[in-house]
Amino acid sequence: MNDFIDSFSTTEQNKDFPKGTMNRNIRDVLGHLHHWHLMFLNWYEVGMKGENPHIPAKGYNWRTLPDLNKKIYERYKDMGLDEIREKFKTSHTEVMNLVAGHSNKELFERKYYGWTGNNAMGAYIIGVLSSHYDWAHKLIKKGKK
């Protein structure tokens, strides 16, 4: 993701996308990704204590994601691109380190951990990493056309 962002000039990195999306620029997209990393890390921490984490977040469910994503947008919209890039890098590394500490069975066997419900922990990880990065890449690419 960082290499893709670095392929744009500093001016382009800071330029807003055309109207029509809530995430109006690269900073907004990285803030969104960073916050989802943090949410996953919280789910993991709470779940591994044997408790049930609030997934996706306390007071929200999968049907109310637009409201949650708006709250995330509001939280990071005034942060500078350099600052959010550093936060994104750090939270990405934390998730990757967590992944590296687990076997394939722990990651991909459904119901291996009680806190994941009927899912495998890997399904959540894919959601906050590769699937989300694919969304981000497409949004940034479209916004920079």
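Data block above holds the structure.
For this particular structure, what's the right way to read the overall build of the chain?
On a plain count of helices and strands, the chain comes out with eight helices and zero strands. Traced from its N-terminal end to its C-terminal end, the chain shows the element sequence α-α-α-α-α-α-α-α. Overall, the chain is about 45 × 30 × 25 Å in size when its C-alpha atoms are taken along their principal axes. Split into buried and exposed, the 145 residues of the chain put 43% on the buried side.

Mind showing me how you'd approach helix α8 (residues 130-143) here?
Helical geometry note: an α-helix holds 3.6 residues per turn, so side chains three or four residues apart project in the same direction. Here α8 is 14 residues long and its end C-alpha atoms lie 20 Å apart, about the 20 Å a rise of 1.5 Å per residue gives. When α8 is considered as a whole, its buried residues turn out to be His132, Tyr133, Ala136, Leu139, Ile140 and Gly143. All buried residues of α8 project into a common sector of 125° when viewed along the axis, lining one side. Seen from the buried face of α8, the exposed residues on the opposite side, beyond 90 degrees, are Lys138 and Lys142. Buried residues along α8 sit in contact with α1 (2-6), α3 (26-48), α5 (81-100) and α7 (121-128).

Quick question: what am I supposed to make of the packing of aromatic side chains here?
Applying the stated criterion to the full structure yields 11 aromatic pairs. Note on Phe40 and Tyr44: the rings are 6.4 Å apart at their centroids and 35° apart in plane angle, and the pair reads as tilted. Within this pair, Phe40 and its partner Tyr44 are both found in helix α3, separated by four residues, close to a single helical turn. Here Phe40 and Tyr44 have matching classes, each one buried. Aromatic side chains Phe40 and Trp115 sit 6.5 Å apart centroid to centroid with 50° between the ring planes, which places their arrangement in the tilted category. Linking Phe40 in helix α3 with Trp115 in the loop between α6 (104-108) and α7, this pair joins segments that are 75 residues apart in sequence. Relative accessible area serves as the criterion here: at 0%, Phe40 is assigned to the buried category.

In this structure, what is going on with helix α4 (residues 65-76)? I would like to understand it.
With 12 residues, α4 extends 17 Å from end C-alpha to end C-alpha; this agrees with the ideal 16 Å at 1.5 Å per step. All of the buried residues in α4 are Leu65, Leu68, Asn69, Ile72, Tyr73 and Tyr76. One side of α4 carries all its buried residues, which in axial view fall inside an arc of 145°. Projecting away from the buried face of α4 at angles above 90 degrees are the exposed residues Pro66 and Lys71.

Whenever I open this one, the packing of α7 against α8 confuses me. Can you help?
Each pair of packed helices gets described by two things: the angle between the helix axes and the distance between those axes. Remark: α7 packs on α8, axes separated minimally by 3 Å, with the N-to-C direction vectors making an angle of 15°. Classified by the angle their axes make, α7 and α8 are roughly parallel. Across from Ile125, Ile126, Gly127 and Val128 in α7, the residues of α8 making contact are Ser130, Ser131, His132 and Tyr133. Its residues placed into classes, the contact of α7 with α8 shows four nonpolar, four polar and no charged.

What counts and what doesn't
Residues numbered from 1 in each chain as written. Predicted model: local features only at pLDDT ≥ 70, side-chain atom pairs only at ≥ 80, totals over all residues. Heavy atoms only, no water. Helix = DSSP H or I, 4+ residues; strand = E, 2+ residues; numbered from the N terminus. Buried < 20%, exposed > 50% of the residue type's maximum accessible area, 1.4 Å probe, protein only. Expected span 1.5 Å × (residues − 1). Arc of directions from axis to C-beta. Contact = heavy atoms within 4.5 Å. Phe/Tyr/Trp six-rings, centres within 6.5 Å; stacked < 30°, edge-to-face > 60°. Axes fitted to C-alpha atoms, helices over the stretch in contact; angles between N-to-C directions. Parallel < 35°, antiparallel > 145°, perpendicular 65-115°, else oblique. Nonpolar A, V, L, I, M, F, W, Y, C, P; charged D, E, K, R; others polar.

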